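The chain contents come next:
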Amino acid sequence: MKDALVIIPTYNERENVETMVRRVMSLSHPFELLIIDDGSPDGTADIVRQLQLEYPERLHLETRQGKLGLGTAYIHGFKYALRHGYEYIFEMDCDFSHNPEDLLRLYDACANQGYDVAIGSRYVQGVNVVNWPMNRVLMSWFASWYVRLVTGMPIHDTTAGFKCYRRKVLETIQLNEIRFVGYAFQIEMKFLAYKYGFKIKEVPIIFTDRTKGVSKMSSGIFKEAVLGVIKMKVNSYFRHFDRY
C-alpha cells in the first residue's frame, strides 16, 4: 500500500506549476504528486515532464485532450490513486489559493486523528479569505449556507476544493455515478461521504486568491451548483447508503 497522493488538475498553469511542484516536494512528509493536465496550450505539461527528471518516483503526469472539467479530472485522479494503491488521496489547486503546508494538517487529521475526510475549510472559524472582492466572499459564503440548508450537512465550507480522503471513502462512493463537474462536484463528494456516514473534519485554513494565471470560475459553474444541490438531495431519497 502506498501512502499519500496529491492530485492537482491543471489548465494553463505554467506560471504556477513548477513552484507548486517544488513546494510539495520540499514538505517534511514524502507526498507523491499527480498532475492531470487538460491539454494546456501554454506548455504546462512540458514543464511537468522536465520536473519528472528530478522527481522520477514522486511526480506523475496524466494528460487529457481538451478542457474536460474539474470534476472529471478528479475522478480520473481518484481512479489512478485506487489502481496504484494509495491510502490517502488529496485534492488541491495549482494556483496557491491552497497553501501546500496545509497538506500536513489534512494528512494528520486522517492518518493520526481517525477521520475519513479532512476538508481545508475557509469558514469553520469565521471567514478566512484573502484577496477576494466582497461580492465573491458573500457569494461563496451564502452558497455554503444554502447547501447546508438544503442537504442538512453539518459542514461550513461545502464548496471547498482542498481535501484529503482515506482510500475507503473513494472505494465506497460510486465514482462513475458522479454527475457534476464544477463546484457542484465538490458538494456532491462531501454529500456522499456524509450520507455514507464517514467521519469528516474541517481543518481551518487561510484561502488566498491566485496572483498568477487566470481564474476558471464562471457563472455556469455557479448555476450548476445552485440547481444541482436540489436535484442531488431529491435523488438521495431514492438510493441506499450502505457500507459493506
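Relevant structure appears above.
My aim in this report is to walk through the structure given alongside it, one point at a time. (Residues numbered from 1 in each chain as written. Predicted model: local features only at pLDDT ≥ 70, side-chain atom pairs only at ≥ 80, totals over all residues. Heavy atoms only, no water.)

1. So, the packing of aromatic side chains
In this structure the tally under the stated criterion is ten aromatic pairs. Pairing F31 with Y107 gives two aromatic rings, centres 6.0 Å apart and planes at 85 degrees, and the pair type is edge-to-face. Within this pair, whereas F31 is found in the loop between helix 1 (17–25) and strand 2 (32–37), its partner Y107 is found in helix 4 (residues 102–111), the two being separated by 76 residues in sequence. Classification of Y107 as buried rests on a relative accessible area of 14%. Taking the centre distance of 5.5 Å and the plane angle of 80 degrees together, the rings of F78 and Y165 count as edge-to-face. (Phe/Tyr/Trp six-rings, centres within 6.5 Å; stacked < 30°, edge-to-face > 60°. Helix = DSSP H or I, 4+ residues; strand = E, 2+ residues; numbered from the N terminus. Buried < 20%, exposed > 50% of the residue type's maximum accessible area, 1.4 Å probe, protein only.)

2. Re unusual backbone geometry
The phi torsion at N12 lies on the positive side, around 55 degrees, for a residue other than glycine. Note on placement: N12 falls in the loop between strand 1 (2–10) and helix 1. Even without being glycine, F96 reaches a positive phi, approximately 70 degrees. Mapped onto the fold, F96 is located in the loop between strand 4 (86–91) and helix 4. You can call F96 partly exposed: its relative accessible area is 21%.

3. Quick notes on the sheet that holds strand 7 (residues 163–166)
Spatial ordering of the open sheet is given by 3-2-1-4-7-5-8, a layout of seven strands whose pairing is mixed. Edge strands, defined here as strands with exactly one partner in the open sheet, are strand 3 (59–63) and strand 8 (200–204). On average, adjacent strands in this sheet sit at an angle of 20 degrees to one another, irrespective of strand direction. Across five bridges, the pairing between strand 5 (residues 117–121) and strand 8 is parallel. Across the sheet, A118 pairs through a bridge with K201, a residue of strand 8. In the packing of helix 1 onto the sheet, the strands contacted are strand 1, strand 2 and strand 3, and the crossing angle to strand 2 comes to about 160 degrees. Most of the contacts of helix 3 (residues 70–83) go to strand 1, to which it runs at about 160 degrees, and overall it touches strand 1, strand 2, strand 3, strand 4 and strand 7. (Pairing = 2+ DSSP bridges. Axes fitted to C-alpha atoms, helices over the stretch in contact; angles between N-to-C directions. Contact = heavy atoms within 4.5 Å.)

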